[in-house]
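What follows is each chain in one-letter form.
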Amino acid sequence: MVIIEVSLLSGFIMTSRSRMLLENRTIVKKIEVKANVVYIYLEKLSDESQTFTLQLEQVIQVKNLKPASIKIYDYYQPGGLQISYSSGVVS
């Protein structure tokens, strides 16, 4: 199983519509939201490219936003290969 761990920008939440669209994808096994982190559990990955879109809603105005991070790792070997990415706000 593969986990995509998305740390949200401060003051933002994932929309319920975005969660529903992700849950309807056959590759997605489950989604957990804890504090400012969204965990997307995937049954498995293949050689086929996948794109995941999270729609966010700003609920609190925050100045000087720091970049959010995305980590992808194996559930059974979290200390093994990880892919990380950081990004700011995209309008």
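Data block above holds the structure.
Let us look at the structure shown here. Since this is a predicted model, take the numbers as computed values, not measurements.

Before going further, it helps to spend a moment on the pattern of salt bridges. A side chain of one charge can pair with a side chain of the opposite charge when the charged atoms of the two come close. One pass over the structure, following the stated rule, counts four salt bridges. Taking the shortest distance from any N to any O, the salt bridge between Arg19 and Glu23 comes out at 3.1 Å. One end of the pair is Arg19 and the other is Glu23, both in helix H1 (residues 16–23) and four residues apart, which spans about a single turn. Given a relative accessible area of 41%, Glu23 falls into the partly exposed group. With its nearest N and O atoms 3.2 Å apart, the salt bridge here joins Lys30 to Glu32. One salt-bridge network, in which partners are shared between bridges, spans Lys30, Glu32 and Lys34.

Val2, Ile4, Val6, Leu8, Met14, Leu22, Ile27, Val28, Ile31, Val38, Ile40 and Leu42 form the largest nonpolar core, which has twelve residues in total. Only strand E1 (2–7), strand E3 (28–34) and strand E4 (37–42) provide two or more residues apiece to this core. With near-sequence residues (within four places) excluded, Ile31 lies in contact with Met14, Arg19, Leu22, Glu23, Val38 and Tyr39. Val37, Tyr39, Tyr41 and Tyr73 belong to the second largest nonpolar core, which has five residues in total.

Here we come to a nonpolar patch on the surface. On the surface, a cluster of nonpolar side chains totalling about 260 Å² of accessible area is made up of Ile13, Val59 and Ile60. Locating Ile13 in the fold gives a position in strand E2 (residues 12–14).

Attention now goes to the pairing of E4. Working note: regular strand, side chains alternate between the two faces of the sheet. Counting buried residues in E4 gives six out of six residues, a clear majority hidden from the surface. Of the two faces of E4, the one holding Val37, Tyr39 and Tyr41 and the one holding Val38, Ile40 and Leu42 are both buried throughout. Relative to E4, E1 runs antiparallel, the two sharing six bridges. Looking at the pairing, Ile4 lines up with Ile40 of E4. Looking at chain direction, E3 and E4 are connected through six bridges and run antiparallel. In the strand pairing of E4, Glu32 is matched with Tyr39. Connecting E3 to the antiparallel partner E4 that follows it, the hairpin turn spans two residues, and Ala35 within it adopts a positive phi of roughly 50°.

This next bit is on the packing of aromatic side chains. What describes a pair of aromatic rings is the distance from one ring centre to the other and the angle between the planes of the rings. All chains considered together, the criterion is met by two aromatic pairs. Their ring planes at 85° and their centres at 5.0 Å tell us that Tyr75 and Tyr76 sit as a pair that is edge-to-face. Assessed through its relative accessible area of 40%, Tyr75 is described here as partly exposed. Here the aromatic cluster, defined as three or more aromatic residues joined through ring pairs, consists of Tyr41, Tyr75 and Tyr76. Here the guanidinium or amino end of Arg25 rests over the ring plane of Phe52, the centre of that ring lying 4.4 Å away. Here Lys30 stacks its cationic end above the ring of Tyr41, 4.9 Å away from the centre of that ring.

Calculation rules
- Residues numbered from 1 in each chain as written.
- Predicted model: local features only at pLDDT ≥ 70, side-chain atom pairs only at ≥ 80, totals over all residues.
- Heavy atoms only, no water.
- Salt bridge = Lys/Arg side-chain N within 4 Å of Asp/Glu carboxyl O.
- Helix = DSSP H or I, 4+ residues; strand = E, 2+ residues; numbered from the N terminus.
- Buried < 20%, exposed > 50% of the residue type's maximum accessible area, 1.4 Å probe, protein only.
- Core = buried A, V, L, I, M, F, W, Y, C linked by side-chain atoms within 4.5 Å.
- Contact = heavy atoms within 4.5 Å.
- Patch = residues over 30% accessible without salt bridge, like charges linked within 9 Å, V, L, I, M, F, W, Y side chains within 5 Å.
- Areas by Shrake-Rupley, 256 points an atom, 1.4 Å probe, with all protein chains shown as cover.
- Pairing = 2+ DSSP bridges.
- Phe/Tyr/Trp six-rings, centres within 6.5 Å; stacked < 30°, edge-to-face > 60°.
- Lys NZ or Arg CZ within 6 Å of the ring centre and 35° of its normal.

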